[in-house]
Amino acid sequence: MSRPVQYNTKVKLVEAPEGYSGEGFYSTSFDKVVGMARANSLWPLPFATSCCGIEFMATMGSNYDLGRFGAERMGFTPRQCDMLLVAGTISKKMGPVLRQVYLQMAEPRWVIAIGACASSGGIFDSYSVLQGIDQVIPVDVYVPGCPPRPEGIIDGILKLQDLVKGESLRRRQSDQYKGLMESYGID
Amino acid sequence: MALTNETIQEKLTEKFGEQLTEWEVPYGMLTFRAPAEMNLKVLQHLYDAMGFQFMTDLTGVHFPDRKGEELSVVYHLHNLVDNIRLRMKIYVPVEKPDVYTATKLFSTANWMERETYDFFGFNFVGHPNLIRILNVDEMDYFPMRKEYQMEDPTRVDKDDEMFGR
Ligand code: SF4
């Protein structure tokens, strides 16, 4: 008779980073371990304003299930999150709000612009719409499409995971990074 | 007796005579034009004597070709008792778009007049708080006026490189 509780035996583990191992020890660089941990437990902060937001909801739902990539825990406070997902049209009036949300996130923080609107203003070539969120905050990954399918959004998040894995621990202290922040007037 | 388009027109003509013009009934909704400086008098009369106590909409239109009366304010009023609606239009020149505010009569006109100011630049005389409502505060033009090119060559916020222009 089978047991009443079935255990999921298909749990997939992340591969260990490159390193040296011998009997009873394993050594690798700190960067890689931290990068791996960060990449596989991103906390998404959805900033969904319009149609692209609906696709994002589908991405979070059980069919596409972003939880498979370690990012199922959405936080609706910027202070707990490290991945800002901007999905939808951002009007100029909302620009300062978005910037404020970004400022409230703690380092390290990453931003994905989902869809044509967030990336470039999209079809709204008009007086009221921000022509791409990279005018107010720095963006790490752009996902094209109007709207992108959930597969596209997942692809964008996987691309971001690659970035996060490869990010040096000192990047946020570098002059280049500080220069980037300064160019946005953030210090 | 319930009001109809005909009886409304009769009653208004009785009261205001020839000052109300351009009577029309597009799609069954009575529409007329009033002199700009009389807008409050007509609204007050409609409110007090004829039961039009609900302002459903207040908006603006820009007619660049009508010299001397380029800007128009359109009031939509609803009589809830007789369930009948009407539309009143006034015209002002674009150089001096002064319109008396309807906020004393209809509180709902407050935000709607702000919106109309925001997009068309009407100066609602007597409005308690005439500032932009939907657009960014820094904006220094009135975007819904028909006086701008389709593609603004001076725009800097669009990255042409990405759009193959
Ligand atoms: S990119 Fe398209 S689908 Fe996405 S918010 Fe803009 S208009 Fe909507």
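Residues numbered from 1 in each chain as written. Chains lettered and ligands numbered in written order. Predicted model: local features only at pLDDT ≥ 70, side-chain atom pairs only at ≥ 80, totals over all residues.

**Topic: the overall build of chain A**
What counts here: Secondary structure elements follow DSSP: runs of H or I of four or more residues count as helices, runs of E of two or more count as strands, with numbering from the N terminus. Here a residue counts as buried when 20 or more other C-beta atoms sit within 10 Å of its C-beta, as exposed when there are 12 or fewer, and as partly exposed otherwise, the C-beta atoms being derived from the backbone. A pair of residues counts as a contact when their C-beta atoms, built from backbone coordinates, are within 7 Å of each other.
If you tally the helices and strands in chain A, you get six helices and six strands. Ordered by position in the sequence, the α and β elements of chain A form the string β-β-α-β-α-β-α-β-α-β-α-α. In chain A, which comprises 187 residues, the share counted as buried stands at 32%. Partitioning the intrachain contacts of chain A with sequence separation of at least 6 by distance along the chain shows that 76% fall at a separation of at least 24.

**As for the sheet that holds strand E5 (residues 110-114) of chain A**
All names here are of chain A. Here is the rule we go by: Two strands qualify as a pair provided that DSSP identifies no fewer than 2 bridges between them. Fitting a line to C-alpha atoms yields each axis, with helices limited to the stretch in contact; the angle taken between N-to-C directions then spans 0 to 180 degrees.
The strand order across the open sheet formed by four strands is E3-E4-E5-E6, and the pairing between neighbours is parallel. Whereas interior strands pair on both sides, the edge strands pair on one side only; in this sheet they are strand E3 (44-48) and strand E6 (141-143). The average undirected angle you get between the axes of adjacent strands in this sheet is 20 degrees. Note: strand E4 (residues 83-87) against E5, five bridges, orientation parallel.

**Notes on the pairing of E4 of chain A**
Residues and elements named next belong to chain A. Our working rule: Handedness rule for crossovers: strands pointing away from the viewer, path from the first strand over the helix to the second running clockwise, crossover right-handed.
E4 sits mainly inside the fold: five of its five residues count as buried. Where E3 and E4 come together, five bridges link them in parallel fashion. Paired with Phe47 across the strands is Val86, a residue of E4. Tracing the backbone out of E3, into helix H2 (residues 51-60) and back to the parallel element E4 gives a crossover that is left-handed.

**Topic: unusual backbone geometry**
With glycine set apart, most residues show a phi of negative sign, and most peptide bonds adopt trans. Residues and elements named next belong to chain A. In the segment running from Glu107 into Pro108, the intervening peptide bond is cis, with an omega of -10 degrees. In this structure, Pro147 follows Cys146 across a cis peptide bond, with omega equal to -10 degrees. Positive phi outside glycine occurs at Asp65, with the angle close to 50 degrees. If you trace the backbone, Asp65 turns up in the loop between H2 and E4.

**Regarding the UniProt feature "domain: NADH:ubiquinone oxidoreductase-like 20kDa subunit" (unreviewed entry) in chain A**
For clarity, the cut-off: UniProt positions are given in the numbering used here, feature names are shortened, and annotations may be inferred rather than shown by experiment.
The sites that carry the UniProt feature "domain: NADH:ubiquinone oxidoreductase-like 20kDa subunit" (unreviewed entry) are, in the present numbering, residues 51-160 of chain A. The span residues 51-160 of chain A carries 34% helix and 12% strand; its end-to-end C-alpha distance comes to 22 Å.

**Some points on the site of the ligand**
Residue and element names in this part refer to chain A. Let me state the cut-off plainly: Any residue qualifies as near a molecule or strand once its backbone-derived C-beta atom lies within 6 Å of it. Here the nonpolar group is Ala, Val, Leu, Ile, Met, Phe, Trp, Tyr, Cys and Pro; Asp, Glu, Lys and Arg are the charged ones; every other residue, Gly included, is treated as polar.
The immediate surroundings of the ligand are formed by Ser50, Cys51, Cys52, Gly88, Thr89, Gly115, Ala116, Cys117, Gly122, Ile123, Cys146 and Pro147. The leading source of residues in the shell around the ligand is helix H4 (residues 115-120), at three residues. When grouped by side-chain class, the residues that make up the shell around the ligand number seven nonpolar, five polar and no charged.

**As for the packing of H2 of chain A against helix H5 (residues 150-166) of chain A**
Residues and elements named next belong to chain A. So the rule is basically this: Here the angle decides the label: under 35 degrees means roughly parallel, over 145 means roughly antiparallel, 65 to 115 means roughly perpendicular, and every other value means oblique.
In contact at an axis separation of 9 Å, H2 and H5 are set at 75 degrees when each is read in the N-to-C sense. What the angle tells us is that H2 and H5 run roughly perpendicular. Between H2 and H5, the residues in contact are Glu55, Phe56, Ala58 and Thr59 and Pro150, Ile153 and Ile154, respectively. Classifying every residue of the contact of H2 with H5 by side-chain character gives five nonpolar, one polar and one charged.

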